[in-house]
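Close look at the chain arrangement
One letter stands for each residue in the lines below.
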Amino acid sequence: IDAICDEIKDACKGWGTDEKRLIKAVASCDAETRTKVSRRYKEMHGKELTDLMRKEAGGDFGRALQMLSVPPDVTEALIVRMATKGLGTSEKWLYPVICGRSNAEIEILKKAYFKTYGKDLGQLIGSETSGDLHKLLVTCVQGIEEEFDPDRHTADKAEEDAEAFYKAGQARWGTDEKAIFKIICLSPPRYVEMINRAYADKYGYTLFKALEKEMRGITKTAALHTLGMKLKPYETIAHLIKSACAGMGTDEEQLSACIIRYQAVWEKVELAHLDLFGKSVADRVKHETSGHYKRLLLAVLEKSWPDSSNAY
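The structure presented is a predicted model; accordingly, all values stated were derived computationally and were not measured.

About the cut-offs
Residues numbered from 1 in each chain as written. Predicted model: local features only at pLDDT ≥ 70, side-chain atom pairs only at ≥ 80, totals over all residues. Heavy atoms only, no water. Helix = DSSP H or I, 4+ residues; strand = E, 2+ residues; numbered from the N terminus. Rg over C-alpha atoms; globule rule 2.2 N^0.38 Å. Buried < 20%, exposed > 50% of the residue type's maximum accessible area, 1.4 Å probe, protein only. Contact = heavy atoms within 4.5 Å. Areas by Shrake-Rupley, 256 points an atom, 1.4 Å probe, with all protein chains shown as cover. Core = buried A, V, L, I, M, F, W, Y, C linked by side-chain atoms within 4.5 Å. Expected span 1.5 Å × (residues − 1). Axes fitted to C-alpha atoms, helices over the stretch in contact; angles between N-to-C directions. Parallel < 35°, antiparallel > 145°, perpendicular 65-115°, else oblique. Left-handed = near helix turned anticlockwise from the far one by under 90°. Nonpolar A, V, L, I, M, F, W, Y, C, P; charged D, E, K, R; others polar. Phe/Tyr/Trp six-rings, centres within 6.5 Å; stacked < 30°, edge-to-face > 60°. Lys NZ or Arg CZ within 6 Å of the ring centre and 35° of its normal. Polar contact = N/O pair within 3.5 Å; in protein donor to acceptor, adjacent residues only side chain to side chain.

**Some details on the overall build of the protein chain**
Of the regular secondary structure elements, the protein chain holds 20 helices and 0 strands. Taking 2.2 N^0.38 as the reference for a compact globule, 312 residues should give roughly 20 Å; the C-alpha atoms of the protein chain span a radius of gyration of 21 Å, in line with that estimate. For the protein chain, the spread of C-alpha atoms along the three principal axes comes to 65 × 45 × 40 Å. Counting the 312 residues in the protein chain, one finds 49% classified as buried. In the protein chain, the proportion of contacts linking residues at least 24 apart, taken out of those at least 6 apart, comes to 67%. As displayed, the protein chain offers around 15200 Å² of accessible surface, 48% of which is attributable to carbon and sulfur atoms.

**Considering the nonpolar core**
Across soluble globular proteins, nonpolar side chains have a tendency to be buried as a group. Membership of the largest hydrophobic core comes to 94 residues, with the highest contact counts inside it found for Ile8 and Ile98. Tallying contributions element by element places helix α13 (residues 189-203) first for this core, with 7 residues.

**Observations regarding helix α3 (residues 31-45)**
Taking 1.5 Å per residue as the helical rise, α3 with its 15 residues ought to reach 21 Å, and the 21 Å between its terminal C-alpha atoms agrees with that figure. Among the residues making up α3, those that are buried are Ala31, Thr33, Arg34, Thr35, Val37, Ser38 and Tyr41. Taken together, the buried residues of α3 touch α1 (2-11), α4 (49-56), α5 (59-68), α6 (72-84) and α17 (252-261). Gly46 occupies a position one or two residues after α3 and carries a positive phi of about 70°.

**Overview of the environment of Val138**
Examined against the element boundaries, Val138 turns out to sit in helix α10 (residues 131-141). Classification of Val138 by relative accessible area gives partly exposed; the value is 23%. Taking C-alpha positions, Val138 is 9.0 Å from Ile98, a pair spaced 40 residues apart along the chain. The residues touching Val138, leaving out its near neighbours within four places in the chain, are Ile125 and Gly126.

**Comments concerning the packing of helix α7 (residues 91-98) against α17**
Two elements in contact, α7 and α17, have axes separated by 10 Å at closest approach and are oriented at 20°. Taken as axis vectors, α7 and α17 run roughly parallel relative to one another. Crossing geometry of α7 relative to α17 is assigned as right-handed. Side by side, α7 and α17 meet where Lys92, Trp93, Pro96 and Val97 of the first sit next to Glu253, Gln254 and Arg261 of the second. For the contact of α7 with α17, a count of residues per class yields 3 nonpolar, 1 polar and 3 charged.

**Observations regarding the packing of aromatic side chains**
Enumeration over the complete set of coordinates arrives at 6 aromatic pairs. Taken together, the ring pairs in this structure connect Phe165, Tyr166, Tyr199, Tyr203 and Tyr205 into an aromatic cluster. In this structure, Lys213 is placed above the aromatic ring of Tyr205, and the distance from its NZ or CZ to the ring centre is 5.4 Å.

**Things to note about the packing of helix α15 (residues 217-231) against helix α16 (residues 233-244)**
Contact pair α15 / α16: the axes reach a minimum separation of 6 Å and the direction vectors enclose 140°. When the axis of α15 is compared with that of α16, the two are oblique. Between α15 and α16, the residues in contact are His225, Gly228, Met229 and Leu231 and Pro233, Thr236, Ile237 and Leu240, respectively. Grouping the amino acids of the contact of α15 with α16 by side-chain chemistry returns 5 nonpolar, 3 polar and no charged.

**Comments concerning the environment of Glu128**
Summarising the element assignment, Glu128 is placed in helix α9 (residues 121-128). The partly exposed category is assigned to Glu128, whose relative accessible area is 27%. Counting along the chain gives 43 residues from Glu128 to Lys85, while the straight-line C-alpha distance between them is 9.6 Å. The contacts of Glu128, once residues within four sequence positions are left out, are Thr84 and Thr89.

**Topic: the side chain of Thr289**
Within the secondary structure, Thr289 sits in the loop between α19 (281-288) and α20 (291-304). On the basis of relative accessible area, Thr289 is assigned to the buried category, the value being 9%. At 2.6 Å, the side chain of Thr289 forms a polar contact with the backbone oxygen of Val285. For Thr289, the residues in contact, after removing those within four places along its chain, are Leu255, Lys294 and Leu297.

Below you can see the structure in the form of structure tokens.
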């Protein structure tokens, strides 16, 4: 750990940054090591590592370095900060961090955000969002998911909730988004699967299709992500990566966030991406990015799954 800290400091010493050396040092850390390096760097050199990264590099490269210079929970708090700082909120960066999380993950995020920025995450979300997306994000950030209980989460109750989902959407003029979001957010993943089967059996299509019919815009995207993280998490992350690279121009912040946030489960994410799209995430990075930023992301991918070349 001390050697990595010294290598980072030496790469940033003097006139100009040795980006190649810096990338090698920073990208050598897995999620656990990043936590240790972040804490140890300040002890050794009297400066927060994020402050150094902010000073030494800008743009997409600099933002990715900042995400890599803190523990994983603080990385997520940083992404929320980036999404809500300044004029207007970048909702497309915000919802993947908030939606589809377990109660424990939400609690960790709340604590990290308050410790880092001195603000309550729930209040921030309440003030920075509006409309139907506001309803979803506020519900998600409460961390209200129930623990699966076979005595409570029965097939009969799944049929009841499937009917309630239908009545809040397809069966009425104007969607009751709040009721739909409550069903999704309250239900543990195993029970969501039961509701999904009951819904498909009774109405002929899945909850995913129902949301696609009933929602619009960023709210639809966020609702589908929430549902997907409960039913098909790795496929959902793969779709998020694809969306970051779709259309005219790459969403570099989203791409960085995906690659860095999901480092600990990267093999499963990569395999899902390969299965869905027939190409690796590294292929996307090579095509969509350039310069030091590209080299940094590729180095992180290599660290996340060193044996990935065997799957291509």
